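# A structural walkthrough
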Amino acid sequence: MKLESAPVIEVVDFAKNYGEFQAVRELSFTVRPGEIVGLVGANGAGKTTTLRAITGILRPTLGTIRVGGCDLEHQPVAAKQQFAYIPDTVHPYDLLTVAEHLHFIALAYRIKDAEAKYGALLEELGLADKRDQIASSLSRGMTQKLALACAFLREPRVIILDEPLTGLDPRGIRNIKDSIRRRAADGCAFLLSSHLLHLVEALCDQVLILHRGRKMAFGSLEEIRALATLQADASLEDVFFAVTEETGNSADLATAS
């Protein structure tokens, strides 16, 4: 992990309003090459709004977002070339097979020697026996694996995931976690949102906790435990509930982080 490298995601004073409602306010954080950052919060905390703004689906009300050093507002194409995004609900092309999806991605992104990579990716993600199946016949878990295969084939600098383990069985979950770790070790940055706090605790280097559109904490689990004055063995679940309680301690933690 190259923590000294320049951030590949920079969010500075981001805010998103829907009319009078403030979905996210004054949010700043960074993701560096090789980091796995977990975004957690209750329903309505602003997680999906934040991910959609970083991917250019939503336009910020205020603030600046850069991906790979490119300002998303002024250099949208250059910024979007840096990342792959997998939303919480994946919609593949129903009549394309698994292999045809990978071939389409290879053509669309002009990936060299892509066919040599197909087999390894399909084996890695447990899709080898589904190679010639059309997408409409796949289970939700297999569809999620297909989306990951398409993202991994591109070898982007950043992969953004919204609930990446939806529909996966225990073996599939383990394989995906291993795949994410291997790519992070090679320098790919990950930003993932999940309600599965045990997954975030086991996988992520940094945790960003949102509550009602505000950043309550950002840092390693050890750093957040210390700021929240919790015991060294406190789980992320314990930390999450401690820092999102409506108390003065939570406000102090938000300021400190």
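Residues take numbers from 1 onward in each chain, read along the sequence in its written order. This being a predicted model, a pLDDT of at least 70 is required before a residue's local features are given, and a value of 80 or more before pairs of side-chain atoms are given or counted; all residues contribute to the totals for chains, interfaces and linings. Just so you know, side-chain values use all the structure's heavy atoms and leave hydrogens and water out.

## So, the nonpolar core
Put simply, the test is: What makes a nonpolar core is a set of buried Ala, Val, Leu, Ile, Met, Phe, Trp, Tyr and Cys residues whose side-chain atoms join them at distances within 4.5 Å. Relative accessible area decides the class of each residue, using a 1.4 Å probe on protein chains only: under 20% of the type maximum gives buried, over 50% gives exposed, and in between gives partly exposed. By the criteria applied, helices consist of DSSP H or I runs no shorter than four residues and strands consist of E runs no shorter than two, each listed in order from the N terminus. Between two residues, a contact is recorded if the distance between any of their heavy atoms is within 4.5 Å.
Of all hydrophobic cores here, the largest spans 52 residues; its most connected members are Ile36, Leu153, Leu161, Phe190, Ile209 and Val239. Here this core gets 9 residues from one element, more than from any other, and that element is helix H5 (residues 140-154). With residues up to four places along the chain from it excluded, the contact list for isoleucine 36 reads Ile180, Ala184, Phe190, Leu192, Leu203, Cys204, Asp205 and Gln206.

## Focus: the packing of helix H3 (residues 98-108) against H5
Helix packing geometry: the angle between the two helix axes and the distance between the axes. Condition: Lines fitted to C-alpha atoms define the axes, with helix axes restricted to the stretch in contact, and inter-axis angles between N-to-C directions lie between 0 and 180 degrees. Should an angle fall under 35 degrees it is called roughly parallel, over 145 degrees roughly antiparallel, and 65 to 115 degrees roughly perpendicular, with every other angle called oblique. Should the near helix be turned anticlockwise from the far one by less than a right angle, the crossing is termed left-handed; should it be turned clockwise, right-handed.
Interaxial distance between H3 and H5 falls to 10 Å at its minimum, and their mutual angle equals 30°. It follows that H3 is roughly parallel to H5 by the angle criterion. Considering how the two elements wind past one another, H3 and H5 form a crossing that is right-handed. Along the contact surface, H3 presents Val98, His101, Leu102, Ile105 and Ala106, while H5 presents Leu146, Ala149, Cys150, Leu153 and Arg154.

## Examining the side chain of lysine 215
Defined as follows: By the counting rule applied here, Lys and Arg register as positive and Asp and Glu as negative, while His and the ends of each chain are not counted. The term salt bridge refers to a side-chain nitrogen of Lys or Arg lying within 4 Å of a carboxyl oxygen of Asp or Glu. Within 3.5 Å is the distance limit for a polar contact, defined as a pair of N or O atoms, with the added protein rule that one can donate a hydrogen and the other accept it, and that residues adjacent in sequence qualify only through two side-chain atoms.
Of note, lysine 215 is situated in strand E10 (residues 214-219). One buried charged residue, lysine 215, remains without a salt bridge, the closest side chain of opposite sign being aspartate 13 at 8.3 Å. Within polar-contact distance, the side chain of lysine 215 engages the backbone oxygen of serine 28 at 3.0 Å.

## Description of the pairing of strand E3 (residues 36-40)
How we decide: A pair of strands is treated as paired once DSSP finds two or more bridges between them.
Counted residue by residue, E3 has 5 buried out of 5 residues, so it is predominantly covered. Taking every second residue as pointing to the same face, both faces of E3 are buried, with Ile36, Gly38 and Val40 on one and Val37 and Leu39 on the other. By the bridge criterion, 4 bridges tie E3 to strand E8 (residues 189-193) in an arrangement that is parallel. Paired with isoleucine 36 across the bridge in E8 is phenylalanine 190. In terms of strand pairing, E3 meets strand E9 (residues 206-211) through 4 bridges, oriented parallel. Following the sheet pairing, valine 40 is matched in E9 by isoleucine 209.

## Quick word on the sheet that holds E8
Across the sheet, which stays open at both edges, the 6 strands sit in the order E6-E7-E8-E3-E9-E10 with mixed pairing between neighbours. Strand pairing shows two members of the sheet lacking a second neighbour, strand E6 (83-86) and E10, which therefore form its edges. Across this sheet, the average inter-strand angle for adjacent strands is 15°, counted without regard to direction. Bridge count for strand E7 (residues 158-162) against E8 is 5 bridges, and the pairing is parallel. Bridge pairing links isoleucine 160 to leucine 191 in E8. H5 contacts E6, E7 and E8 of the sheet and is inclined by roughly 175° relative to E6.

## Remarks on a negative patch on the surface
The following threshold applies: Within the patch definition used here, like charges are joined within 9 Å and nonpolar side chains (Val, Leu, Ile, Met, Phe, Trp, Tyr) within 5 Å, considering only residues with over 30% relative accessible area and no salt bridge. The method behind every accessible area is Shrake-Rupley, applied with a 1.4 Å probe, and residues are considered shielded solely by the protein chains displayed. To locate a charge, take atom NZ for lysine, CZ for arginine, CG for aspartate or CD for glutamate.
Together, Glu201, Asp233, Glu237 and Asp238 make up a region of like negative charge exposed at the surface. Tracing the backbone through its elements, the reader meets aspartate 233 in the loop between helix H8 (221-227) and helix H9 (236-244).

## Observations regarding the packing of H3 against helix H4 (residues 114-124)
This is how it is decided: Throughout, the ten residues Ala, Val, Leu, Ile, Met, Phe, Trp, Tyr, Cys and Pro are labelled nonpolar, Asp, Glu, Lys and Arg are labelled charged, and all others, Gly among them, are labelled polar.
Look at H3 against H4: their axes get within 10 Å of each other, and the N-to-C directions meet at 140°. In terms of axis orientation, H3 runs oblique to H4. Relative to H4, H3 is oriented so that their crossing is right-handed. Counted together, Val98, Ala99, Leu102, His103 and Ala106 of H3 and Ala114, Glu115, Tyr118 and Leu122 of H4 form the full contact between these two elements. Classifying every residue of the contact of H3 with H4 gives 7 nonpolar, 1 polar and 1 charged.

## Focus: unusual backbone geometry
Notably, glutamate 26 is not glycine yet its phi reads approximately 50°, a positive angle. Examined against the element boundaries, glutamate 26 turns out to sit in strand E2 (residues 21-31). Owing to a relative accessible area of 69%, glutamate 26 belongs among the exposed residues under this scheme. Phi at arginine 110 is positive, roughly 55°, even though this residue is not glycine. Topologically, arginine 110 is positioned in the loop between H3 and H4.

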